[in-house]
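# Analysis of the macromolecular model
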Amino acid sequence: MARFLIPLVAVVLFFLETEFALFSPIEWNGELVYLVPRFLILYLIFLSIYYNRKRAMLYGLIFGLLYDIFYIDIIGLYSFLYPFICFIAGSTVKYIHQHLFVTTTLSLLLVALLEIILHQFFLIISFTTIPFSEFLNQRLIPTMIANSIFLIMLGWTFRYLIQARVLQKANQSIL
């Protein structure tokens, strides 16, 4: 069951991102702040750390390509960045402890890296003209707060689901 549950959760998170994006922007203290849900990449980072880096990179490539096709006009941006982020997460797991707090912190840092790379890329191609300080205050910090709340609520569920799949795979190899 966990075999099919891992890709199913990824599909659900892919579609949930667009639903939660409808709540953005939010007016806070007279300013508009943008909350960008990054549920799928957070899940893929957890897959890369707790399960299999290559599988997470494959899912990242597939969902990145879907993201490029459905949501933005530049094919290849997310289909490169999602596997790249998964690669970084899977590579750093050799050097860090796989505690949930450490994994959560690493996930949030990687999402911040993703957001900064996206902003800089869009700035270079003149798709946006927002200066970095404005991007930091109106988009990055609110996005990180929103995604940290999501990860605090569901990080242990991701870990449990992935570990259930690891145990299922181990039991199959024994038989």
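Scroll up to find the structure this text is about.
Report follows, based on the coordinates. (Residues numbered from 1 in each chain as written. Predicted model: local features only at pLDDT ≥ 70, side-chain atom pairs only at ≥ 80, totals over all residues. Heavy atoms only, no water.)

What follows is about helix 4 (residues 77-92). With 16 residues, helix 4 extends 23 Å between its outermost C-alpha atoms, agreeing within 8% with the 22 Å of an ideal straight helix rising 1.5 Å per residue. Of all the residues in helix 4, the buried ones are Leu 77, Tyr 78, Ser 79, Leu 81, Tyr 82, Pro 83, Ile 85, Cys 86, Ala 89, Gly 90 and Ser 91. (Helix = DSSP H or I, 4+ residues; strand = E, 2+ residues; numbered from the N terminus. Expected span 1.5 Å × (residues − 1). Buried < 20%, exposed > 50% of the residue type's maximum accessible area, 1.4 Å probe, protein only.)

Okay, the nonpolar core next. With 46 residues, the main nonpolar core has Ile 41, Tyr 43, Leu 44, Ile 45, Leu 47, Tyr 82 and Phe 158 as its most contacted residues. Secondary-structure elements contributing two or more residues to this core are helix 1 (2-21), helix 2 (39-50), helix 3 (53-71), helix 4, helix 5 (100-124) and helix 6 (132-174). Per-element accounting of this core gives the leading share, eleven residues, to helix 2. (Core = buried A, V, L, I, M, F, W, Y, C linked by side-chain atoms within 4.5 Å.)

This part covers the layout of surface pockets. There is about 600 Å³ of room inside the largest pocket. Around the largest pocket sit 23 residues that line it, and Val 36, Arg 38, Tyr 67, Tyr 78 and Arg 139 are the ones nearest its centre. Where the lining of the largest pocket is concerned, the elements lending two or more residues are helix 1, helix 3, helix 5 and helix 6. In terms of residue count, helix 6 provides more of the lining of the largest pocket than any other element does, four residues in total. Residues of the lining of the largest pocket, tallied by class, amount to 13 nonpolar, five polar and five charged. In this structure, the second largest pocket is lined by 14 residues; those nearest its centre are Phe 20, Pro 37, Phe 39, Ala 146 and Phe 150. Contributing elements (two or more residues each) for the lining of the second largest pocket: helix 1 and helix 6. (1 Å grid on protein atoms, 1.4 Å probe; cavity = no way out; pocket = protein on both sides within 12 Å on 5 of 7 lines; lining within 4 Å. Points joined across faces, edges and corners; volume = space filled by probe spheres on them. Nonpolar A, V, L, I, M, F, W, Y, C, P; charged D, E, K, R; others polar.)

Before going further, it helps to examine the packing of helix 4 against helix 5. Contact geometry for helix 4 and helix 5: axes closest at 11 Å, N-to-C directions at 150°. With respect to each other, helix 4 and helix 5 are oriented roughly antiparallel. When the axes of helix 4 and helix 5 are compared, the crossing they make is right-handed. Across from Leu 77, Tyr 78, Leu 81, Tyr 82, Ile 85, Ile 88, Ala 89 and Thr 92 in helix 4, the residues of helix 5 making contact are Leu 106, Leu 110, Leu 113, Leu 114, Ile 117, Leu 118, Phe 121 and Phe 122. A class-by-class count of the residues in the contact of helix 4 with helix 5 yields 15 nonpolar, one polar and no charged. (Axes fitted to C-alpha atoms, helices over the stretch in contact; angles between N-to-C directions. Parallel < 35°, antiparallel > 145°, perpendicular 65-115°, else oblique. Left-handed = near helix turned anticlockwise from the far one by under 90°. Contact = heavy atoms within 4.5 Å.)

Now for a nonpolar patch on the surface. Taken together, the side chains of Val 11, Phe 15, Leu 65, Ile 69, Phe 70, Tyr 71 and Ile 75 define a hydrophobic patch exposed on the protein surface, amounting to about 680 Å² of accessible area. Secondary-structure elements contributing two or more residues to the nonpolar patch are helix 1 and helix 3. The dominant element in the nonpolar patch, judged by the number of residues it contributes, is helix 3, at four residues. Inspection of the secondary structure puts Phe 70 in helix 3. (Patch = residues over 30% accessible without salt bridge, like charges linked within 9 Å, V, L, I, M, F, W, Y side chains within 5 Å. Areas by Shrake-Rupley, 256 points an atom, 1.4 Å probe, with all protein chains shown as cover. Salt bridge = Lys/Arg side-chain N within 4 Å of Asp/Glu carboxyl O.)

None of this, on its own, says anything about what the molecule does.
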